[in-house]
Amino acid sequence: MMRFVETLKNIWTIDELRKRILVTLLLVLVYRLGCYVVLPGISPADLDALSKFTNKSGLMQLLDMFSGGAFSQASIFALGIMPYITASIVIQLLGMVLPSFQKMMREGESGRQKLNQYTRYLTVLILILQGPAYLINLQVQVSAAGAVSAMGPWTVAYLTVILAAGSMFIMWLGERITDRGIGNGISFIILVGIIARLPQALFYEFTSRMPGSTGSQGGLVMFVVELILLFAVTVGAVLLVQGTRKVPVQYAKRIVGNRQYGGARQYIPLKVNAAGVMPIIFAQAIMFIPITLAGFGSNDNAGGFIAAFSDINGFWYNLVYFLMIVAFTYFYTAITVRPTQMAEDMKRNNGFIPGVKPGKKTAEYLDSIMSRITLPGSIFLGIVAILPAFARFFGISQNFAQFFGGTSLLILVGVVLDTLQQIESHLMMHHYDGLMKEGKIKGRTTGSAY
C-alpha cells in the first residue's frame, strides 16, 4: 500500500505527466456530459421505452455499451465513435488489398495523414447513412409509447446533422487525448463508455442477489462467487493480450574503424493473439445479420434458421460464433503478420535466427511458429467471446454478463495495459521506479482497441 501511495506521488511530481492526466480527465468529463444532452424534440422523461427496447436487442445493447449509454438516451452522442472505427477498419482492409493504399502506408507520415483524411471522409459518409437509420428506428420502436412524435424529412435532416456533428466532436476529443493526454484517445473513449456501464450493472446484480428480491438465487455468496469468476476471466484476458512467443535474432558483428557494431542478440515478440479484437468484431457483424432480418418480421413467422441464429444465448448461435472467430483469427493474422517481409528486413539488417538460413527458410520458420501459436490463441479468444452466454445461462443478469468476456473485456484490458505502459514509460524516463516492483508492463503492439 505504501508503494502504491509513493507511486501516485511520483506521478503527481512529474509536471508533464500531471498535465496530461488532468487534460485527459477534463476531456473525458466533457464527453460524459455530452452523453446526457438529449436530441431536440425528444422528452428525457419518455426515454424509458427506448431503454427497454435497447435492453431487448443484442445489437442495440452492444452499440449502447460502446456509446456509454448515449444510444439509449437519444443523446447528441448517440452514434458514438463506432462510425469512425468502422471507417478505420475499412481503410485498413483496403490498405491490404489495393496497391494505391499500400503505397500510402509506405510513405510514412505524409501517407498516414492522407489515410487519416480518407478515414474522416468515410466516417462522414457512414454517419449520413446511420443518422437517418437511427432516427427512423427510434421513431418506429418508441412512438407507441409517446416518446417520439412523427418526424418529417427536415426534422430527420437536421437531427442527422446534429448526430454527425456529435460523433465528429467525439473523434476530435479522442485526437486531443492522444496529442495532449495519456494513451490512445479513441480507445480511451471506448474504454470510458464501457466502464460507465459497469457501476449500474454491478449495483443491479448486487440488489438482485439480496435476500427477498424477486428471483433471488444464491444470495450474496453467489454474488461474491461472480466477482471471483470475473477476476479470473480478467486475468485470463490479460494473459491473452500479453502472451508472446520470443524468437531469438542474432545480428552479425561489423567493425567500423576502431568500433564494433552489432553482435547483440534480440528477440522478435510474436503475439499469441496478433489479431486483437478484430475477429470478434467481424464475427459479430455477420452474426447480427439474422437478428436484423428477424427484427423486420414477426418472431412467430420467423423461420427455424433465423430463429436459431437470433438467440444470442442459443447453442447454434454460439457454436457458429466460436468457429467464425477461430477462422477470422487465422485470416486477420495472415494479412497483418507477414513473415516474408520480416525475413527480408532481418536479412537487410544482417540479422538471422540461430540455426535457420536467412531468406525463404526464415520466412517459413516464422510462418510455422505463427501457425502454431495462433491455434491456442484463436481458441482462447473464441472462448472469451462466448463466455457472456455461459454467464447468462447460470443466471447472471444481461448487463453484468457482458463484462465476463467478449469485445468489452478485451478492449478494457488492452486499453488499460496500454495506458499503464505509457505512465510507466514517463516514470522510467524521469528515473523513478515503474508501476510494479518487478517486471514491466508489456502492453500491445498497437495503441488502439480496434
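Calculation criteria
Residues numbered from 1 in each chain as written. Predicted model: local features only at pLDDT ≥ 70, side-chain atom pairs only at ≥ 80, totals over all residues. Heavy atoms only, no water. Helix = DSSP H or I, 4+ residues; strand = E, 2+ residues; numbered from the N terminus. Buried < 20%, exposed > 50% of the residue type's maximum accessible area, 1.4 Å probe, protein only. Contact = heavy atoms within 4.5 Å. Areas by Shrake-Rupley, 256 points an atom, 1.4 Å probe, with all protein chains shown as cover. Phe/Tyr/Trp six-rings, centres within 6.5 Å; stacked < 30°, edge-to-face > 60°. Expected span 1.5 Å × (residues − 1). Polar contact = N/O pair within 3.5 Å; in protein donor to acceptor, adjacent residues only side chain to side chain. Core = buried A, V, L, I, M, F, W, Y, C linked by side-chain atoms within 4.5 Å. Axes fitted to C-alpha atoms, helices over the stretch in contact; angles between N-to-C directions. Parallel < 35°, antiparallel > 145°, perpendicular 65-115°, else oblique. Salt bridge = Lys/Arg side-chain N within 4 Å of Asp/Glu carboxyl O. Patch = residues over 30% accessible without salt bridge, like charges linked within 9 Å, V, L, I, M, F, W, Y side chains within 5 Å. pLDDT = per-residue confidence, 0-100. Left-handed = near helix turned anticlockwise from the far one by under 90°. Nonpolar A, V, L, I, M, F, W, Y, C, P; charged D, E, K, R; others polar.

A. Structural view of the overall build of the chain. Within the chain, the secondary structure is distributed over 17 helices and five strands. In the chain, which comprises 450 residues, the share counted as buried stands at 44%. Taking as baseline every contact in the chain between residues at least 6 positions apart, the subset at least 24 positions apart corresponds to 69%. A total of about 23700 Å² of accessible surface is found on the chain, and carbon and sulfur atoms cover 65% of it.

B. Highlighting the packing of aromatic side chains. Summed over all chains, the structure comprises nine aromatic pairs. For the ring pair Tyr31 and Phe77, a centre distance of 6.0 Å and an interplane angle of 10° mean the geometry is stacked. Taken together, the residues Tyr31 in helix α2 (residues 15-34) and Phe77 in the loop between α4 (58-66) and α5 (82-97) connect sequence positions 46 residues apart. Seen in terms of ring centroids, Tyr317 and Tyr321 are 5.9 Å apart; in terms of plane orientation they differ by 45°. Their pairing is tilted. Taken together, the positions of Tyr317 and Tyr321, both in helix α13 (residues 315-336) and four residues apart, correspond to about one turn of that helix. Take Tyr317: its relative accessible area is 5%, and that puts it in the buried class.

C. Structural view of the environment of Thr244. You can see Thr244 is positioned in strand β1 (residues 244-251). The exposure class assigned to Thr244 is partly exposed, which follows from its relative accessible area of 28%. Considered as a pair, Thr244 and Ala274 are 30 residues apart in the sequence and their alpha carbons are 9.1 Å apart.

D. Structural detail: helix α9 (residues 185-208). Compared with an ideal rise of 1.5 Å per residue, which puts 24 residues at 34 Å, α9 spans 35 Å between its outermost C-alpha atoms and is within 8% of the ideal. Of the residues flanking the start of α9, the one acting as N-cap is Asn184, its side-chain oxygen 3.3 Å from the backbone nitrogen of Ile186.

E. Focus on the nonpolar core. Tyr31, Ile81, Ile280, Tyr321, Ile325 and Leu410 are the most contacted members of the largest nonpolar core, which has 61 residues in total. Apart from the residues within four sequence positions on either side, Ile325 is in contact with Pro279, Ile280, Ala283, Ser378, Leu381, Gly382 and Ala385. With 16 residues, the next largest nonpolar core counts Leu79, Met151, Val156 and Leu159 among its residues.

F. Representation of the packing of α2 against helix α8 (residues 153-180). Where α2 contacts α8, the two axes come as close as 9 Å, and the packing angle between them is 170°. Here α8 runs roughly antiparallel to α2, going by the angle between their axes. Along the contact surface, α2 presents Arg20, Val23, Thr24, Leu27, Val28, Val30 and Tyr31, while α8 presents Phe169, Ile170, Leu173, Arg176, Ile177, Thr178, Asp179 and Arg180.

G. Highlighting the pattern of salt bridges. Under the criterion given, the structure shown has six salt bridges. Notably, a salt bridge pairs Arg120 with Glu175, separated by 2.6 Å at the nearest N-O pair. Of this pair, Arg120 sits in helix α7 (residues 109-142) while Glu175 sits in helix α8, and the two are 55 residues apart along the sequence. A relative accessible area of 24% means that Arg120 is categorised as partly exposed.

H. View of a nonpolar patch on the surface. A cluster of nonpolar side chains, Leu26, Leu29, Val30, Leu33, Phe169 and Trp172, forms an exposed patch at the surface whose accessible area comes to about 560 Å². Here the element with the most residues in the nonpolar patch is α2; it accounts for four residues. Structurally, Leu29 can be placed in helix α2. On the accessibility criterion, Leu29 (47% relative accessible area) is partly exposed.

I. Representation of the confidence of the model for the chain in the model. With 77% of its residues at a pLDDT of 70 or more, the chain shows a mean pLDDT of 78. Predicted confidence is poor over residues 144-148, with pLDDT under 50, and the contacts of this stretch with residues over four places away or in other chains come to 11 contacts. Every residue in residues 443-450 scores below 50 in pLDDT, and together they form 28 contacts with partners more than four places removed in sequence or on other chains.

J. Quick peek at the side chain of Thr333. Assignment of secondary structure puts Thr333 in helix α13. Residue Thr333 is classed as buried on the basis of its relative accessible area of 6%. When near neighbours in sequence (up to four residues on either side) are disregarded, Thr333 contacts Ala274, Ala275, Met370 and Thr374.

K. Geometry of the side chain of Thr160. Tracing the chain through its elements places Thr160 in helix α8. Of note is the side chain of Thr160, whose polar atom sits 2.6 Å from the backbone oxygen of Val156. Among all residues touching Thr160, those that are not within four sequence positions of it are Leu127, Ile128, Gly131, Pro132 and Leu135.

L. Examining the environment of Gln92 more closely. Residue placement: Gln92 occurs in helix α5. Look at Gln92 and you get partly exposed, because its relative accessible area is 26%. Sequence spacing of Gln92 and Thr119 is 27 residues, and the spatial spacing of their C-alpha atoms is 9.4 Å. When near neighbours in sequence (up to four residues on either side) are disregarded, Gln92 contacts Met105 and Tyr332.

M. Main features of the packing of α5 against α13. Contact geometry of α5 with α13 gives a least axis separation of 10 Å together with a crossing angle of 60°. Compared by their axis directions, α5 and α13 come out oblique. In the crossing of α5 with α13, the sense of the turn from one axis to the other is left-handed. Across from Gln92, Leu93 and Met96 in α5, the residues of α13 making contact are Tyr332, Ile335 and Thr336. Its residues assigned to classes, the contact of α5 with α13 comprises four nonpolar, two polar and no charged.

N. Here's a closer look at the environment of Ala78. Tracing the sequence through the fold places Ala78 in the loop between α4 and α5. In this structure the C-alpha to C-alpha distance between Ala78 and Gly34, which are 44 residues apart in sequence, comes to 9.6 Å. With residues up to four places along the chain from it excluded, the contact list for Ala78 reads Ser67, Ala70, Phe71, Tyr134 and Leu163.

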